[in-house]
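Structure assessment
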Amino acid sequence: KQEVTQIPAALSVPEGENLVLNCSFTDSAIYNLQWFRQDPGKGLTSLLLIQSSQREQTSGRLNASLDKSSGRSTLYIAASQPGDSATYLCAGVTQGAQKLVFGQGTRLTINP
Amino acid sequence: EAGVAQSPRYKIIEKRQSVAFWCNPISGHATLYWYQQILGQGPKLLIQFQNNGVVDDSQLPKDRFSAERLKGVDSTLKIQPAKLEDSAVYLCASSLGSSGYYEQYFGPGTRLTVT
């Protein structure tokens with residue numbers, strides 16, 4: 001059974017810093033891994049999707065990597081802005097279960 | 001392209017009452033998902049439909065929760081009777097297919113408070 005963990009649960013950094021959010025998973029037979037953003041009271045916005053054959057994906061200031069052998073994914077945010085403040089969730093799909101399993105999220109606060 | 005629509009956005013009910021949520025997926029998406037997200041946790045899959053058939057409902061508390069997707073488009077999720085621990089955000093998502101290859105798109109969610 002796939003388990004996804006995100007540490008820390010909360011992170012606060014000053015504006016302008018580069019930062020890394022971590023995601024670990026127990027089953028390396030992962031089909032794809034997705035990073036989402038969730039603003040308070042809102043649904044999930046997909047940020048990046050990494051297929052199992054890929055090692056990373058980039059979109060603007062965001063870069064996500066996937067290392068199946070170590071069971072880890074990271075989301076790198078460059079030059080953070082107050083508008084980046086939100087909860088970031090990672091979720092993986094395993095080849096067996098074919099369903100998204102979510103981590104509990106990291107609540108990010110960017111201080112002006 | 002219109003996104004996933006959900007209603008209502010908020011609902012407050014007393015325990016033992018019933019409640020229903022509605023979801024309209026992105027046009028052309030064959031697969032529809034309902035998730036439950038308890039405060040401070042990641043979403044948990046309740047049920048997955050492929051067209052109007054159930055693919056996975058292993059985590060749906062079937063003694064009180066029911067869901068249907070008539071005609072393979074819109075879907076409703078019902079809770080009867082509600083318990084305090086059902087307080088959560090209920091998210092609907094859709095994708096082109098049921099394979100994990102396909103990206104899921106989420107609606108804004110319905111926040112349920114059971115008092």
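Structure shown above.
The paragraphs below set out a description of the structure included in this document. (Residues numbered from 1 in each chain as written. Chains lettered and ligands numbered in written order. Predicted model: local features only at pLDDT ≥ 70, side-chain atom pairs only at ≥ 80, totals over all residues. Heavy atoms only, no water.)

**Considering the overall build of chain A**
Spelled out, the test is: To qualify as a helix, a DSSP run of H or I must reach at least 4 residues; to qualify as a strand, a run of E must reach at least 2; elements of each kind are numbered from the N terminus. For a compact globule the rule gives 2.2 Å times the number of residues to the power 0.38, and the radius of gyration it is set against comes from C-alpha atoms. By the convention used here, residues are in contact when the closest approach between their heavy atoms is within 4.5 Å.
On a plain count of helices and strands, chain A comes out with zero helices and eleven strands. In sequence order, chain A lays out its α and β elements as β-β-β-β-β-β-β-β-β-β-β. Relative to the 2.2 N^0.38 estimate, which gives 13 Å for 112 residues, the radius of gyration of chain A is 13 Å and therefore close to what a compact globule would have. For the C-alpha atoms alone, the extent of chain A along its principal axes is close to 45 × 25 × 20 Å. When contacts within chain A are restricted to residue pairs at least 6 apart in sequence, those whose partners lie at least 24 apart make up 56%.

**Quick notes on unusual backbone geometry**
Cis geometry marks the peptide bond from A:Ile7 to A:Pro8; its omega dihedral reads 5°. Mapped onto the elements of the fold, A:Pro8 is located in the loop between β1 (4–5) and β2 (10–14). Cis geometry marks the peptide bond from B:Gln80 to B:Pro81; its omega dihedral reads -5°. Position of B:Pro81 relative to the elements: it lies in the loop between β8 (75–79) and β9 (88–95). Even without glycine at this site, A:Ala79 takes up a positive phi of about 45°. Mapped onto the elements, A:Ala79 comes out in the loop between β8 (72–77) and β9 (86–94). Located in the positive-phi region is B:Arg16, a residue other than glycine, with phi close to 80°.

**A short note on the sheet that holds strand β3 (residues 19–24) of chain B**
By way of backbone hydrogen bonds, the strands of a sheet pair with one another, either parallel or antiparallel. All names here are of chain B. How we decide: Any two strands between which DSSP finds at least two bridges are classified as paired. Lines fitted to the C-alpha atoms define the axes, with helices restricted to the stretch that makes contact. Angles between their N-to-C directions range from 0 to 180 degrees.
Across the sheet, which stays open at both edges, the four strands sit in the order β1-β3-β8-β7 with antiparallel pairing between neighbours. With partners counted over all chains shown, the strands left at the sheet margins are β1 (5–7) and β7 (65–68), one partner each. Strand-to-strand twist across the sheet, computed as the mean angle between neighbouring axes with direction ignored, equals 15°. Two strands pair when backbone bridges link them, and β3 and β8 are joined in this way by five bridges, in the antiparallel orientation. Bridging from a neighbouring strand, Phe21 pairs with Leu77 of β8.

**What to know about the packing of aromatic side chains**
Our working rule: Centres within 6.5 Å are what make two rings of Phe, Tyr or Trp a pair, Trp counting through its six-membered ring; a difference in plane orientation under 30 degrees is then read as stacked, over 60 as edge-to-face, and the rest as tilted. Type-normalised accessible area, obtained with a 1.4 Å probe on protein chains alone, sets the label of each residue: buried when under 20%, exposed when over 50%, and partly exposed for intermediate values.
This structure, assessed with the given rule, holds eight aromatic pairs over all chains. Ring plane angle 40° and centroid distance 6.4 Å describe the contact between B:Phe65 and B:Tyr90, whose orientation is recorded as tilted. With B:Phe65 in strand β7 and B:Tyr90 in strand β9, this residue pair connects regions lying 25 residues apart in the sequence. Pair check on accessibility: B:Phe65 and B:Tyr90 agree, each one buried. What links up through ring pairs into an aromatic cluster is the set A:Phe36, A:Phe102, B:Tyr33, B:Tyr35 and B:Phe106.

**Some details on the state of the cysteines**
Residues and elements named next belong to chain A. For clarity, the threshold we go by: The disulfide definition used here is simple: a pair of cysteine sulfur atoms within 2.5 Å.
Applying the stated criterion to the full structure yields two disulfides over all chains. With a sulfur-sulfur separation of 2.0 Å, Cys23 is cross-linked through a disulfide to Cys90. What sets the handedness of the Cys23 and Cys90 disulfide is the S-S torsion sign, and at about 80° it is right-handed. With a gap of 67 residues between them, Cys23 in strand β3 (residues 19–25) and Cys90 in strand β9 connect regions that are remote in the sequence. A residue is classified by how much of its surface remains accessible, and Cys90, at 0% relative accessible area, is buried.

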